[in-house]
Every structure is written in structure tokens, then in C-alpha cells.
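# Working through the structure, step by step
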Amino acid sequence: MVNKISYSFFLKSTALLFGGVVLLPLSSCKSVANRDEKVQIWITKGDESVKLQQQNVLTFVNTTNNFQNIEIDDAQKFQYIDGFGYTLTGGSVEVINRLSPSKRKALLQELFGNDKNSISVSYLRLSIGASDLDDEVFSYDDLPEGQTDPSLSKFSLARDKNLISMLKEILAINPKIKIIAAPWSPPVWMKDNGKSIGGSLKTEYYDVYAKYFVKYIQGMQKEGITIDAITPQNEPLHPGNNPSLLMVSDQQRDFIKQSLGPIFKSNNIKTKIVVYDHNCNKPEYAINILNDAEANQYIDGSAFHLYEGDISALSTVYDAHPNKNLYFTEQWTGAKGTFNEDLNWQYLKNVIIGSMRNWSKIALEWNLANDPEYKPHTPGGCTLNVKEQYNFRQ
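First things first, this report covers the structure right here in the doc. (Residues numbered from 1 in each chain as written. Predicted model: local features only at pLDDT ≥ 70, side-chain atom pairs only at ≥ 80, totals over all residues. Heavy atoms only, no water.)

### Some remarks on the overall build of the protein
Assigned secondary structure in the protein consists of 12 helices and 14 strands. Across the 394 residues that make up the protein, the buried fraction comes to 51%. (Helix = DSSP H or I, 4+ residues; strand = E, 2+ residues; numbered from the N terminus. Buried < 20%, exposed > 50% of the residue type's maximum accessible area, 1.4 Å probe, protein only.)

### Description of the sheet that holds strand β8 (residues 123-128)
Read around the closed barrel, eight strands run β7-β8-β9-β10-β11-β12-β13-β14, paired in parallel fashion. Pairing of strand β7 (residues 83-87) with β8 involves three bridges; the strand directions are parallel. When the bridges of β8 are listed, Gly85 appears paired with Tyr123. (Pairing = 2+ DSSP bridges.)

### Some words on the environment of Asp371
Tracing the backbone shows Asp371 in the loop between β14 (360-367) and α12 (384-388). Along the sequence, Asp371 and Ser92 sit 279 residues apart, while their C-alpha atoms lie 8.8 Å from each other. Aside from chain neighbours lying at most four places away, what touches Asp371 is Val95 and Arg98. (Contact = heavy atoms within 4.5 Å.)

### Side note on the pairing of strand β3 (residues 38-43)
As judged from the two bridges shared by β3 and strand β5 (residues 58-59), these two strands associate in the antiparallel manner. Bridging across to β5, Lys38 finds its partner in Thr59. Across two bridges, the pairing between β3 and strand β4 (residues 53-54) is antiparallel. Its bridge partner lying in β4, Trp42 is registered against Gln54.

### What to know about helix α10 (residues 339-350)
What α10 keeps buried is the set Asp342, Leu343, Trp345, Gln346 and Asn350. Where the residues of α10 are buried, they touch β12 (299-309), α11 (353-357) and β14.

### Remarks on the pattern of salt bridges
Two side chains with opposite charge may pair up if their charged atoms get near one another. According to the stated counting rule, one finds 15 salt bridges in the structure shown. The partner of Glu330 in a salt bridge is Arg125, and the shortest N-O contact between them spans 2.8 Å. Here Glu330, found in strand β13 (residues 325-330), pairs with Arg125, found in strand β8; they are 205 residues apart in sequence, far enough to count as distant. We note a salt bridge from Glu136 to Arg159, for which the minimum N-O separation is 2.8 Å. Here Arg159 lies in the loop between β8 and α4 (161-173) and Glu136 lies in the loop between β8 and α4, a separation of 23 residues in the sequence. Residue classification places Glu136 among the partly exposed positions, given a relative accessible area of 41%. Put simply, Asp82, Lys178 and Lys361 are held in one network by salt bridges that share partners. (Salt bridge = Lys/Arg side-chain N within 4 Å of Asp/Glu carboxyl O.)

### As for the packing of helix α5 (residues 206-222) against helix α6 (residues 249-266)
Packing of α5 against α6 brings their axes to within 9 Å, and their N-to-C directions diverge by 55°. The angle between α5 and α6 places the two elements in the oblique class. Considering only the axes of α5 and α6, their crossing is right-handed. For the pair formed by α5 and α6, the contact residues are Tyr206, Asp207, Tyr209, Ala210, Lys211, Phe213, Val214 and Ile217 on the first element and Gln251, Asp254, Phe255, Gln258, Ser259, Leu260, Ile263 and Phe264 on the second. Of the residues that constitute the contact of α5 with α6, the class distribution is 10 nonpolar, three polar and three charged. (Axes fitted to C-alpha atoms, helices over the stretch in contact; angles between N-to-C directions. Parallel < 35°, antiparallel > 145°, perpendicular 65-115°, else oblique. Left-handed = near helix turned anticlockwise from the far one by under 90°. Nonpolar A, V, L, I, M, F, W, Y, C, P; charged D, E, K, R; others polar.)

### Here we look at unusual backbone geometry
For the bond from Asn242 to Pro243, the omega torsion is 0°, close enough to zero to count as cis. With an omega of 0°, the peptide bond running from Lys375 to Pro376 counts as cis. Mapped onto the secondary structure, Pro376 falls in the loop between β14 and α12. Of note, the phi angle at Glu48 is positive, near 70°, even though the residue is not glycine. If you trace the backbone, Glu48 turns up in the loop between β3 and β4. Here Leu52, not a glycine, exhibits a phi torsion of approximately 45°, which is positive. By the secondary structure assignment, Leu52 is in the loop between β3 and β4. When its relative accessible area of 54% is taken as the criterion, Leu52 is described as exposed.

Below, the structure is given as C-alpha cells:
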């Protein structure tokens, strides 16, 4: 017999659905007998009169009323949630480091702490090398034009020293934070056009590039930073950014099954491999890779953004491969949007609630920090004008 539990709260349904977030202690879902379990509630309103304001603690009741009910069916199970957070770009680090030491320390505590005045960010995304929101393009093995380094003897994480330093501070605040990382481009000497923008990874460098990931993961581990998951390429179907790489589905499939997966295995790398990492309009990209048995064995799941398509694409992939995880890894908030519109589109419809209802383990917003001029970014990188071209409210 399915045990269905109906709990009532002294909270109007409109506040629950459109104005607030309700957090339930996990223990309250396990026993009907524990009627004294407490419910913590925070409310944010679209008119900005209330922002993440904690309400009076409520208690489960066993009486009939007309208030909002939450029904719990303990026979039905969904995905485990790894966390919520942002991308910590090199540009974010640069902007945060401009603060005075006291303000900087207070901000990191507010973002990553677990006290009542903190938002408790629990998941971060990093770029492997530069993203478009670094102040310049770089990889971990840059060489003069015409030179190559198949042995990766020149590999170095030195360009990320400030980011690594901040990550250590964050881990001191929250040692349990999880991290996913993605490259915007390999070193240009591995690409068929020899440029930071566009081009594709040369097949003769598949193994070398896989070892580049290994060196990154091992190098970060030596700094005390565990990379929980990687994607082979950020936005593989957007080769016009700076930096960027075109990597179609068949190329990513072959890279994983021929090089990345086997080389991770031979080096005892436990970091998860997550495919795609692009918009919800192309779920077939991930499905094509997961349909390949050789590639599938190395893959934990697939990742999505929502600048195009519909959030239900995650469920399309889940239905095709229910044993693989889903990750929502990026969405930015438009500079000219209103608080109420963004609250409803981002949090209530798509990024937070929408991704969770479509099997995602995480929900990440894009860049953690930028300055009033939307900088820093690479030359030709993610500028305001480029952002405004996206019609991201579907």
C-alpha cells in the first residue's frame, strides 16, 4: 500500500507558489507520527518589498483546513540534488578582489556560509582555462605560433592563481562545496584553425587533450580542490565566442570513447564526465552520444543551458536514458530585465523549479560578479550587446 501523507501549512497558496520558498527538514518526510516537525520559510516578493526574509517557523498539523497542502508519496523517488550556485569566472574573482579586505571577507561569508545571514551556495562551475568573462584569453599550455607541446611539458595552472586562492578561501568556509568545470577552448595549437575563436579539435590531439584534462584535475587536487565533474566543451555549438570551439555530437562522442574515457580510467580519475553543456533546443546532441555503448560507459550525464529551447528537454533526455544524471549548468539574468520578470522566469518557471522538475541535480546561474560596465570580458567575448541578442524569456 502506498503511504500518502498530506500536510497542511498556515500559509496562503499564492505566497507559496509565487512569493516564497519553503524548505522542509528531510526527517519530516519520513514519519507521519512526527507532527511536531518544524517548517522553515523564506519569502521573496516580485515588487522587491521582501527579499529572502525568514518568516515565523510553522508546524505540521493534523487538522482539516483550506490552506496549502503538500502531498508526499514515499513510493515515488526522484533525483538526488547536489546543489545550487554560480559560475566563478576569472572575471568574478577580479571584481571581488577589488573590494576592501573586510568587505571581501563578508561577501564570501554571505555567499558560501551556513549561518542565517548567508545564502549557502553549494555548487560552483569553473572554466578550464579562460572563459569569455576573463580579461584575456589563455589556456594552461600557450605557446608561440607554430609550436606544439604533445607531452604537455609546459602545462601550468599559474594563470589561475588568483582563482585558486579564492577557491581555497571558499572551501575553508564550505568544505563540502561541489565543482563542475568546462573548457571554452583547448590550447590553440590543438585546433584546426589555430585560433581562440571557433575551429575544431584535431583528431591527432584527442589523446593529448584528454591528458590535458587529467593534468588539470590532478593539479587542482594538489591545491586541495576536487573537481567533481567536467564537460568536454562549454557550448560546443557556439563557435563564435572568444574563446570557443566547435565540437559536434559525433566529435564529442568519439573524443570520449576513444580518448577521454579510457585515459581517465587508466589514470584512476574519478571525476564525472558530463556531455553537451549547451542549450535545451538540441537534446538529440546528448542522446546521440548516450546511445553509443562505448561512450555511454564513461558518461555520468548531460548538461544544459536555456538560451534556446524549453526546460522540458532535460526530461526528453531522461526518458531516453533514465540511468544518467541531468545538470543545469548556466543561465544569465539580462541587464535590462525587471526583478519581477526575472524572479518568475528564472526561479519559478525555469532555472530553479523548472530544472528540478525535469530531473536536474543542480541549478547554476552564470557569472557570479561583474563591474557596472559588465566587465571584465575577453576581446569580442560576452559583451552586453551580445547578451541583448538573446531572447531568453521563452
